[in-house]
Amino acid sequence: MSKAGVLTGGGDCPGLNPVIRAIVRKGLNEGYEFTGIKNGWMGLIENDTVPLDLGAVSGILPKGGTILGTSRTNPYKKEGDLKKLIDNYKKLNLEALVVIGGEDTLGVANKLTKDGIPNIIGVPKTIDNDLSCTDYTFGFDTALNVAMECIDRLHTTAESHHRIIVVEVMGRHAGWIAVESGIAGGADVILIPEVPIDIKEVCELIKKRHSRGKTFSIVVVAEGAQFKDKELITQEEKLDAFGHVRLGGIGDRLAVEIEKRTGYETRVSVLGHIQRGGSPTAFDRVLGTRFGVKAVELLKAKKFGRMAALASNKIIDVPLQDAVKELKTVDIELYDIAKVFFG
Ligand code: F6P
């Protein structure tokens, strides 16, 4: 019987468990056996594994997060970690490794295909939807729907109090969650990292809206959005193992400016990790299941160094190295649609 490893890394997101379940269910049918690696790349550095059998994946389809645990470990960061990781991988006697992750985790996977673990298959995960070569990553739809529901709820309180509410959403350096939740939730202004914020224009849009009788507005801002000619707003100076800053705080800055310039009372709601938690939507459960089944097909065909992907609603596979080459940012045509409803 062939044995493969399964690992989930980076920020957790809804849909990870449906992928794990699909890999194990399909793989067992195909004569594979699976070892779960705990907590992302950390599990290989520390040799922390669990058997992934039928019992382990029973009942996990609707569960958020990941039964394997995760971490933002970068094995290329600390001296000695890479060697430990490769040595432990060899000891496990695995034929291949299925890596479920976003830009950072799959970036490491791609490097490892050249540095000692050639038999890797990638599965694209992230609420940010910023991985190239796939129309969608799983997790995004759930985050989007959570954000939309929050925007709906904020509408009623903003309207009752005649306030502006600034809603700060996640997404790192891509504005997918902001633009799609903003369109779906009927936001009056949406601000994304791809387009620098012109605060004068934002306030004019709000004033224009209020001049036609409206007494409240909803402004959705992506955490990575930036004022023109100003620095990115971050929570702390410290970088994570992949060199990323921790974003957050743009909502507060924006609210202060809007209140000062328009005179309207303005409040902020930062949605944060609520967007990442909880049960996956049907879309994410189905997409995760399709990706998981595809990963096993790639395993069987020994198509290593490839990533399962969605293209025009078909599941395909693409070179892992292409998927991690550059971030997939918001399509400006989509932003133009959002702009029709501004003000
Ligand atoms: O990449 C997913 C994501 O939720 C981003 O949208 C966000 O910037 C980041 O992770 C938050 O990371 P952490 O969970 O480490 O605070």
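Everything below is about the structure shown above.
Residues numbered from 1 in each chain as written. Predicted model: local features only at pLDDT ≥ 70, side-chain atom pairs only at ≥ 80, totals over all residues. Heavy atoms only, no water.

Colleague: Sorry, what's going on with the pattern of salt bridges here?
Modeller: Within this structure, the stated rule accounts for 18 salt bridges. With a closest N to O distance of 2.9 Å, Lys26 and Glu30 form a salt bridge. Glu30 sits in the partly exposed class, given a relative accessible area of 30%. Arg153 serves as the salt-bridge partner of Glu149, at 2.7 Å between the closest nitrogen and oxygen. With Glu149 and Arg153 both in helix α5 (residues 140-161) and four residues apart, the pair spans about one turn of that helix. Accessibility expressed as a relative area gives 40% for Glu149, which makes it partly exposed. Bridged by salt links that share partners, the residues Lys294, Lys303, Arg306 and Asp317 form one connected network. (Salt bridge = Lys/Arg side-chain N within 4 Å of Asp/Glu carboxyl O. Buried < 20%, exposed > 50% of the residue type's maximum accessible area, 1.4 Å probe, protein only. Helix = DSSP H or I, 4+ residues; strand = E, 2+ residues; numbered from the N terminus.)

Colleague: What am I meant to see in the site of the ligand here?
Modeller: Within the structure, the ligand sits among Arg72, Ile127, Asp128, Met170, Gly171, Arg172, Glu223, His273 and Arg276. Arg72 places a polar side-chain atom, nitrogen or oxygen, 2.9 Å from an oxygen atom of the ligand. Along the lines of polarity and charge, the residues of the shell around the ligand split into two nonpolar, two polar and five charged. (Near = heavy atom within 4 Å. Polar contact = N/O pair within 3.5 Å; in protein donor to acceptor, adjacent residues only side chain to side chain. Nonpolar A, V, L, I, M, F, W, Y, C, P; charged D, E, K, R; others polar.)

Colleague: Could you clarify how one ought to interpret the side chain of Thr266 in this entry?
Modeller: Within the element layout of this structure, Thr266 appears in strand β11 (residues 266-270). The buried category is assigned to Thr266, whose relative accessible area is 8%. For Thr266, the side chain forms a polar contact with the main-chain oxygen of Tyr264, separated by 2.9 Å. Other than its neighbours up to four places away in sequence, Thr266 contacts Ile164, Val166, Ala255, Ile258 and Glu259. (Contact = heavy atoms within 4.5 Å.)

Colleague: Looking at this model, I keep getting lost on the sheet that holds β11. Mind explaining?
Modeller: Strand pairs in the sheet, formed through backbone hydrogen bonds, run parallel or antiparallel to each other. The strand order across the open sheet formed by four strands is β7-β8-β6-β11, and the pairing between neighbours is parallel. Only two strands of the sheet have a single neighbouring strand rather than two, namely β7 (189-191) and β11. Strand after strand, the sheet turns through a mean of 20 degrees between neighbouring axes, direction not considered. Of the pairings in the sheet, the one linking strand β6 (residues 164-169) to β11 comprises five bridges and is parallel in character. Bridge pairing in β11 places Glu168 opposite Val270. Packed on one face of the sheet, α5 meets β6, β8 (217-222) and β11 and runs near 165 degrees to β6. (Pairing = 2+ DSSP bridges. Axes fitted to C-alpha atoms, helices over the stretch in contact; angles between N-to-C directions.)

Colleague: Even after reading the chapter, I still don't get unusual backbone geometry, so can you show me in this structure?
Modeller: The bulk of non-glycine residues show a negative phi, and the bulk of peptide bonds are trans. The residue Asn129 is not glycine, and still its phi comes out positive at about 55 degrees. Along the polypeptide, Asn129 turns up in the loop between β5 (120-124) and α5. Look at Arg172: it is not a glycine, yet its phi comes out positive at around 55 degrees. Relative to the helices and strands, Arg172 resides in the loop between β6 and α6 (176-185).

Colleague: What should I look at first to understand the packing of aromatic side chains in this one?
Modeller: In this description, a pair of aromatic rings is defined by centroid distance and the angle of the planes. Inspection of the entire model under this criterion finds five aromatic pairs. Ring geometry for Tyr136 versus Phe140: centroids 5.8 Å apart, planes at 20 degrees, classification stacked. Through a chain of ring-to-ring contacts, three or more aromatic side chains come together here, namely Tyr136, Phe140 and Phe283. Arg209 extends its terminal NZ or CZ atom over the ring of Phe216, reaching a point 4.9 Å from the ring centre. Lys328 extends its terminal NZ or CZ atom over the ring of Trp176, reaching a point 5.4 Å from the ring centre. (Phe/Tyr/Trp six-rings, centres within 6.5 Å; stacked < 30°, edge-to-face > 60°. Lys NZ or Arg CZ within 6 Å of the ring centre and 35° of its normal.)

Colleague: Quick question: what am I supposed to make of the sheet that holds strand β1 (residues 2-8) here?
Modeller: Sheet architecture is open: seven strands sit in the order β3-β2-β1-β4-β5-β12-β13, paired in mixed fashion. Either end of the sheet is taken by a strand with one partner, and the two such strands are β3 (49-52) and β13 (314-319). When strand polarity is set aside, the average angle formed by the axes of neighbouring strands in this sheet is 30 degrees. Both strand β12 (residues 306-311) and β13 contribute to a ladder of six bridges, which runs antiparallel. By the bridge assignment, Ala308 is partnered in β13 with Asp317.

Colleague: Which parts of the structure should I look at to understand the pairing of β1?
Modeller: Residues in a regular strand project their side chains so that they alternate between the two faces of the sheet. With respect to burial, β1 is a largely interior element, five of its seven residues being buried. Handedness of the crossover is the feature at issue here: the chain leaves β1, passes through helix α1 (residues 16-29), returns alongside strand β2 (residues 32-37), and the resulting connection is right-handed. Here β1 pairs with strand β4 (residues 96-101) via five bridges, running parallel. When the bridges of β4 are listed, Gly5 appears paired with Leu97. (Right-handed = clockwise from strand over helix to strand, strands pointing away.)

Colleague: It is not clear to me how the side chain of His155 should be interpreted in this structure. Could you clarify?
Modeller: Tracing the sequence through the fold places His155 in helix α5. When residues no more than four places from it in sequence are discounted, the contact partners of His155 are Gly185, Gly186, Phe216 and Ile218.

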